[in-house]
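# Observations on the three-dimensional arrangement
Now for the letters of each chain:
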Amino acid sequence: MDNETKSTLWPPPLVLDIFTGFQKSQALFVTTELQLYDLLAIHQNGMTATEIANKKKLNLDATERILDYATGLKLIKKDFKSESKTAIYSNYPEIAEVLQSSKPNNMVAAIIHASRTQYPLYQHLITMIKSGKNTETYKKAFGFEVTTEICEHLYEFDKDYSETFLQFMHQLSSITSPEVAKAFDLSPFCEICDLGGGSGALAYALASEYPDATVTVFDLATAVKAAQKITPDKTERQKVKFVSGDFFQDEFPPASLYTFARTIQDWPDEKVHQLLDKTFKSLESGGAILIAELLMNETKTGPLYPLGANVQMMIERSGRQRTETEYRLLLEKHGFVDFECKFVEGYSSYHAIIAKKP
């Protein structure tokens, strides 16, 4: 009977779950941007909907509805006072751990970035699918056309974008960077330069793992300026040098190892070839390139996260995710040898790749 009931459900649960997915993400966006998890952390005995609405200056009915939906999603906990049956909302500790801005390695900046940048673009995904270019997609979402220098446009459009995006990338990179730094023996390389290194998360991990190496972050001036607000303490900061520049237009700082973490994925193929060619020419014999990226499997049927990120890179950055074989062929095309690839613990489908200049 149960099997018969399950087989006749309409629509199929999988389709229904995907169909309502935007509602779930919006509930996460709203409750995070309103800093409800931070508020509930202060009031550890919980709060009523009225208390939350008054504190945040929100409409009471709307507040109660979004709180109840968040409860159904298991984002927020709902209990009742036995004597009055008044609903009391509070945090689930394991959920609040990643949704409170005060917690280390939280997802707040990532969620804000998804809400303000990615979600508006995805509303025009069909435009991207039809044209194969994200120029019109950005125009519809934000009112301006873009070239491949998307970051510069967004920095101008949203003055908080650079800091939010850098914080988002810093939070992601802080989880994986220590493991990337340990993936291979990098002790032979005394000069390391992280190209497009943003906040310096990988650079700090490399400097910590290889204290005898000099480590430099090379990124746009806007990124370097924003990075100063989210760097570690003074002792750690002294180990890493930040240099402003455009890695397409300017010479790279000298290094025996160049690193790209979540950077190759951002660019269209012609830009990637330009970067790899320039990297190869900038290295002396024996120098190397280290790439850290999400990888799809060889048939591109999974894992789900990099498959989704492959669409995200198309619409947001004009780039793409790749398979291990695609990276090997890409690097070999530009003269690199001794290709190695390792899974990085701590984040779904993240891998470290190294190859050398003969």
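Small disclaimer: the values here were computed from a predicted structure and weren't measured.

It is worth spelling out the overall build of the protein chain at this point. A count of helices and strands for the protein chain gives 18 helices and 10 strands. A buried classification covers 47% of the 358 residues belonging to the protein chain. Long-range contacts, defined as pairs at least 24 residues apart, comprise 65% of the intrachain contacts of the protein chain with a sequence gap of at least 6. Roughly 18300 Å² of accessible area belongs to the protein chain as shown, and the carbon and sulfur atoms make up 54% of that amount.

Following the sequence through the fold, threonine 48 ends up in the loop between helix H4 (36–42) and helix H5 (49–56). When neighbours within four sequence positions are excluded, threonine 48 is seen to be in contact with Thr86, Ala87, Ile88 and Tyr89.

On to the environment of glutamate 251. Mapped onto the fold, glutamate 251 is located in the loop between strand S5 (240–244) and strand S6 (257–261). In sequence terms glutamate 251 and lysine 278 are 27 residues apart; their C-alpha atoms lie 8.9 Å from each other. Sequence-distant contacts of glutamate 251, that is, excluding residues within four places in its chain, are made with Phe218 and Lys278.

Another point: the pattern of salt bridges. When charged atoms on two side chains of opposite charge get close, those side chains can pair. Per the counting criterion, the structure on display carries 11 salt bridges. Residue aspartate 61 is joined to arginine 65 by a salt bridge in which the shortest nitrogen-to-oxygen separation is 3.1 Å. Of the two residues, aspartate 61 and arginine 65 both sit in helix H6 (residues 60–72), 4 residues apart, roughly one turn of that helix. Note that lysine 103 and glutamate 97 form a salt bridge whose closest N and O atoms lie 3.9 Å from each other. Judged by relative accessible area, which is 28%, lysine 103 ranks as partly exposed. Given a relative accessible area of 37%, glutamate 97 falls into the partly exposed group. Residues participating in the shared-partner salt-bridge network are Asp269, Arg320 and Arg322.

Okay, the nonpolar core next. With 34 residues, the main nonpolar core has Leu186, Val240, Leu290 and Tyr350 as its most contacted residues. Mapped onto this core, the elements with two or more residues apiece are helix H12 (161–183), helix H13 (201–209), strand S4 (214–219), helix H14 (221–227), S5, S6, strand S7 (288–296) and strand S10 (350–356). A per-element tally of this core places H13 first, with 6 residues. In this structure, valine 240 is in contact with Ala203, Tyr204, Ala207, Val215 and Val217, ignoring residues within four places of it in sequence. Val272, Phe280, Leu295 and Ala355 belong to the second-largest nonpolar core, a separate cluster that totals 26 residues.

Turning our eyes to something else, we now look at the packing of helix H8 (residues 108–122) against helix H10 (residues 135–142). The axes of two packed helices give the description: the angle between them and the distance between them. Relative to each other, H8 and H10 sit at 115 degrees, their axes nearing to 9 Å. The way H8 lies across H10 gives a crossing that is right-handed. Contacts between H8 and H10 involve Arg116, Thr117, Pro120 and Leu121 from the first element and Thr137, Tyr138, Ala141 and Phe142 from the second. Residue composition of the contact of H8 with H10, by class: 5 nonpolar, 2 polar and 1 charged.

Take the environment of threonine 222 next. Along the chain, the position of threonine 222 falls in helix H14. On the basis of relative accessible area, threonine 222 is assigned to the partly exposed category, the value being 30%. A C-alpha to C-alpha distance of 9.7 Å links threonine 222 and glycine 245, two positions 23 residues apart in sequence.

To continue, consider helix H3 (residues 21–33). Relative to the 18 Å expected for 13 residues at 1.5 Å per residue, H3 spans 18 Å between its end C-alpha atoms, a close match to the ideal helical length. Three or more residues of H3 are buried, namely Ala27, Phe29, Thr31 and Thr32. The inward-facing, buried residues of H3 abut H4, H6, helix H7 (93–99) and H8. In the stretch just after H3, glutamine 35 is the one whose phi turns positive, near 55 degrees.

Reading the values: the criteria
Residues numbered from 1 in each chain as written. Predicted model: local features only at pLDDT ≥ 70, side-chain atom pairs only at ≥ 80, totals over all residues. Heavy atoms only, no water. Helix = DSSP H or I, 4+ residues; strand = E, 2+ residues; numbered from the N terminus. Buried < 20%, exposed > 50% of the residue type's maximum accessible area, 1.4 Å probe, protein only. Contact = heavy atoms within 4.5 Å. Areas by Shrake-Rupley, 256 points an atom, 1.4 Å probe, with all protein chains shown as cover. Salt bridge = Lys/Arg side-chain N within 4 Å of Asp/Glu carboxyl O. Core = buried A, V, L, I, M, F, W, Y, C linked by side-chain atoms within 4.5 Å. Axes fitted to C-alpha atoms, helices over the stretch in contact; angles between N-to-C directions. Left-handed = near helix turned anticlockwise from the far one by under 90°. Nonpolar A, V, L, I, M, F, W, Y, C, P; charged D, E, K, R; others polar. Expected span 1.5 Å × (residues − 1).

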